[in-house]
Amino acid sequence: MMEHWLQILVLGLLLGGVYAMMASGLTLLFGVMRVVNLAHAAFILIAAYITYALFENLTLDPMISLVVTMPLMFGLGVGLYLLLFPRLEESPRYVEMTVLLTFGLALIVEGLLTFTFTGIFRSVRPDYAATSLTIGDIFLPTSQLYASLISFALLILLWVVLRFTKTGTAIRATMQNRAAAQIVGVNVRWISALAFGLGMSLAGAAGSLLSFMFPFFPARHWQWIALLLALIVLGGMGSIKGAVIGALLLAVASAFVTDLVGPTWSPITFYLTLFVILLVRPQGLFGAKVRL
Amino acid sequence: MALLEVEDVVAGYGAGPDILTGVTVSIEEGTSYCIVGPNGAGKSTLLRAIAGFLKPRAGQITLDGVVMNGSRPDQMLAAGVCFVPQDASLFPMMTVRENLTMGGYLIDDRALLRQRMDMVYETFPILAERRAQAAGTLSGGEQQMVTLGRALMVEPRLVMIDEPSLGLAPMIADQIFEKIRGFRDLGITVVLVEQNAVKGLEAVDWGIVLDLGSKEFEGPAEGILADPRIRELYLGKAVASKDKG
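Just so it is clear, the structure is predicted and the values come from calculations on it, not from any experiment.

S.K.: I'd like to hear about the overall build of chain B, residue by residue, with values.
M.R.: Of regular secondary structure, chain B possesses eleven helices and ten strands. Relative to a compact globule of 245 residues, whose C-alpha radius of gyration would be 18 Å, chain B shows 18 Å and is just as compact. Here chain B, with 245 residues, has 51% of them falling under the buried criterion. At a minimum sequence separation of 6, the contacts of chain B that also span at least 24 residues come to 67%. Accessible surface for chain B amounts to roughly 10,900 Å². Of this, 52% is attributable to carbon and sulfur atoms.

Have a look at this one:
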């Protein structure tokens, strides 16, 4: 019985690792720019489709295609930010405007993907998609293991960048107090563009990894963004630590619910937990009291 | 030539009305100033416009004769103009040391950074004691010292301080004013905005009185408080006419 619970825990943590990376990108954007990027999951899908195209045409391993999707999404992020967001900065309704803007972006991406790849389910099937490892009595689906390891590696990399580089420190400073960052001479527009790029490159990595974990279709992003929003609100908007812990907690919780009650109840675990946490602690687990 | 010239500057927020309706002030190097005036006179707005946080709608701001209109805050800072806003605006989750390091964000020379930090610790010994503590956990007065110390990191030519005594106990406020007076000995020109006109003017050489977005008059700090026009501005004409009986 003990092995069984351990098994569920491990499966939850593996999935949680990938969720953690997706949620970190989203919460980073919110922290630096106060932008709730509703298109985040749509951008994840773009990377998934690019990975799919590379696999189908060049049989490029989806884990290697990270090398393509991450810089590509980084560039797209910086470009989109500089093109669309600075003109909204002056608006007294900045937050509302960015919600509309990113909602619109999500619709555009969905439309373009449907047009290019049609609405049918796709998935990338490398050799390791259907294999698994066993350690003792614990069985590890290879694809989830790889995806999770890469996610944690990228999260550590993100932490190192934010903690130990000058630019990273400037990003953290901007997250904590945008006005103060400007006062000490941080060019917050450039830092925001960079952070948008960073968040998007994490979305790029997530897309490549999800492509061989779940089947996907262009409208799939609505499901994912709902889940991601639940994760970052739970962790505390703008807290990367919160997003990671929230993602691991919820993934494990939903794995247990799937096992005990049945898979139909798994998605609702997220929203139910979110509901309870918000009742008890409205700012999320690690969030500062919100000041928009 | 004055260090900073503000000529007929008009400015306001968003699509709102003009808060500054044409201000002209001249800041000389080595002199300290306090801008006083009733609520809504545009004191903070003037500082924000100079610091590059607010683009003037008209008029001109020159530093050493170079036109600086529409410069970004980081460009103004690089030019030697440092702004310390009202609400001790620091990085709450970072330590005091990290906050000071962020103050030297524009400095790439690490040896120079360390040297400046030692200088700040000398000026504010309490910050040396608190260096490893998260800034958000400090008292109001200590937080204000962090923002002042952070301003010193860039060795600015001009420091503009908005309401340094806001929300502080009188004794703590006095300590802050004492430190600000010390800035002059470091060769830094100070422009202060202060709601508490008496305290503010005591700490500086020259007073500038603002009302309704433009300069009412200016003069030596000790003379300003005695000026009958100040009374009229703060207490209103009704009181003045009551005096006449």
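S.K.: So what's going on with the overall build of chain A? Which residues, and what values?
M.R.: A tally of regular secondary structure across chain A gives eleven helices and two strands. Reading the secondary structure of chain A in the N-to-C direction produces α-α-α-α-β-β-α-α-α-α-α-α-α. For chain A, whose C-alpha radius of gyration is 19 Å, the value lies close to the compact-globule estimate of 19 Å for 292 residues. Buried residues in chain A amount to 55% of all 292 residues. Taking as baseline every contact in chain A between residues at least 6 positions apart, the subset at least 24 positions apart corresponds to 79%. Put simply, chain A shows about 12,700 Å² of open surface, and 72% of that area lies on carbon and sulfur atoms. Charged side chains in chain A number 15 positive and 10 negative. The centres of these two groups are separated by 17 Å.

S.K.: Tell me what's going on with a nonpolar patch on the surface, and back it up with residues and numbers.
M.R.: The grouping of Ile-64, Val-67, Val-68 and Leu-72 of chain A at the surface amounts to a nonpolar patch, some 360 Å² of accessible area in total. Following the sequence through the fold, Leu-72 of chain A ends up in helix H3 (residues 66-84).

S.K.: Could you give me a rundown of the interface of chain A and chain B, with the residues and numbers involved?
M.R.: Taken together, the contact pairs 18 residues of chain A with 21 residues of chain B. Buried surface at the junction of chain A and chain B, summed over both partners, amounts to about 1,700 Å²; 63% is from carbon and sulfur atoms. Area buried by chain A at its contact with chain B is led by Gln-176, Ile-183 and Val-184 of chain A, which between them contribute 38% of it. The tally of links between chain A and chain B comes to three salt bridges.

S.K.: Account for the pattern of salt bridges, with residues named and values stated.
M.R.: In the structure shown here, the tally under the stated rule is 16 salt bridges over all chains. Across the pair Glu-89 of chain A and Arg-189 of chain A runs a salt bridge, and its minimum N-O distance is 3.2 Å. Highlighted residues: Glu-89 of chain A in the loop between H3 and helix H4 (94-117) and Arg-189 of chain A in helix H8 (residues 188-210), separated in sequence by 100 residues. Arg-157 of chain B is the salt-bridge partner of Asp-64 of chain B, the closest N and O atoms lying 2.5 Å from each other. Of this pair, Asp-64 of chain B sits in the loop between strand E4 (58-63) and strand E5 (66-67) while Arg-157 of chain B is found in the loop between helix H6 (140-152) and strand E7 (158-162), placing the two residues 93 residues apart along the sequence. Among the residues examined, Asp-64 of chain B registers a relative accessible area of 34% and is labelled partly exposed. Each of Arg-163 and Arg-172 of chain A together with Glu-98 of chain B takes part in a single network of salt bridges with overlapping partners.

S.K.: Go over helix H7 (residues 170-185) of chain B with me, naming the residues and quoting the values.
M.R.: Residue and element names in this part refer to chain B. With 16 residues, H7 should cover 22 Å at 1.5 Å per step; its first-to-last C-alpha distance of 24 Å lies within 8% of that length. Looking only at H7, the buried set comprises Ala-173, Ile-176, Phe-177, Ile-180 and Phe-183. Projection of H7 onto a plane perpendicular to its axis shows the buried side chains occupying an angular sector of 100°, all on one side. Exposed residues on H7 whose side chains face more than 90 degrees from its buried face are Met-171 and Asp-185. Positive backbone phi, at 80°, marks Gly-187, one or two positions downstream of H7.

S.K.: Please set out the side chain of Glu-163 of chain B residue by residue, giving values where relevant.
M.R.: Residue and element names in this part refer to chain B. Counting through the fold element by element, Glu-163 comes out in the loop between E7 and H7. Of the side chains with opposite charge, Lys-43 lies nearest to the buried Glu-163, which makes no salt bridge, at 5.1 Å. What Glu-163 contacts, discounting residues up to four positions off in sequence, is Gln-86, Gln-144, Val-193, Glu-194 and Gln-195.

S.K.: Summarise the side chain of Thr-62 of chain B; cite the residues concerned and give the values.
M.R.: All names here are of chain B. Note that Thr-62 resides in strand E4. The class of Thr-62 is buried, set by a relative accessible area of 6%. Contacts of Thr-62, omitting those with residues within four sequence positions, involve Leu-3, Leu-4, Glu-5, Glu-7, Val-67 and Met-68.

S.K.: Pulling in residues and values, what's your account of the sheet that holds E4 of chain B?
M.R.: Residue and element names in this part refer to chain B. Within the open sheet, the four strands sit side by side as E2-E1-E4-E5. Their pairing is antiparallel. Only two strands of the sheet have a single partner each, and these edge strands are strand E2 (20-27) and E5. Bridging between strand E1 (residues 4-11) and E4 involves five bridges; their strand directions are antiparallel. Residue pairing in the sheet places Glu-5 in a bridge with Thr-62 of E4. Helix-sheet contacts for helix H1 (residues 43-51) involve E1, E2 and E4, and the interaxial angle to E2 is about 70°.

Conventions and cut-offs
Residues numbered from 1 in each chain as written. Chains lettered and ligands numbered in written order. Predicted model: local features only at pLDDT ≥ 70, side-chain atom pairs only at ≥ 80, totals over all residues. Heavy atoms only, no water. Helix = DSSP H or I, 4+ residues; strand = E, 2+ residues; numbered from the N terminus. Rg over C-alpha atoms; globule rule 2.2 N^0.38 Å. Buried < 20%, exposed > 50% of the residue type's maximum accessible area, 1.4 Å probe, protein only. Contact = heavy atoms within 4.5 Å. Areas by Shrake-Rupley, 256 points an atom, 1.4 Å probe, with all protein chains shown as cover. Lys, Arg positive; Asp, Glu negative; His and termini not counted. Charge placed at Lys NZ, Arg CZ, Asp CG, Glu CD. Patch = residues over 30% accessible without salt bridge, like charges linked within 9 Å, V, L, I, M, F, W, Y side chains within 5 Å. Salt bridge = Lys/Arg side-chain N within 4 Å of Asp/Glu carboxyl O. Buried area = accessible area lost by both parts, 1.4 Å probe. Expected span 1.5 Å × (residues − 1). Arc of directions from axis to C-beta. Pairing = 2+ DSSP bridges. Axes fitted to C-alpha atoms, helices over the stretch in contact; angles between N-to-C directions.

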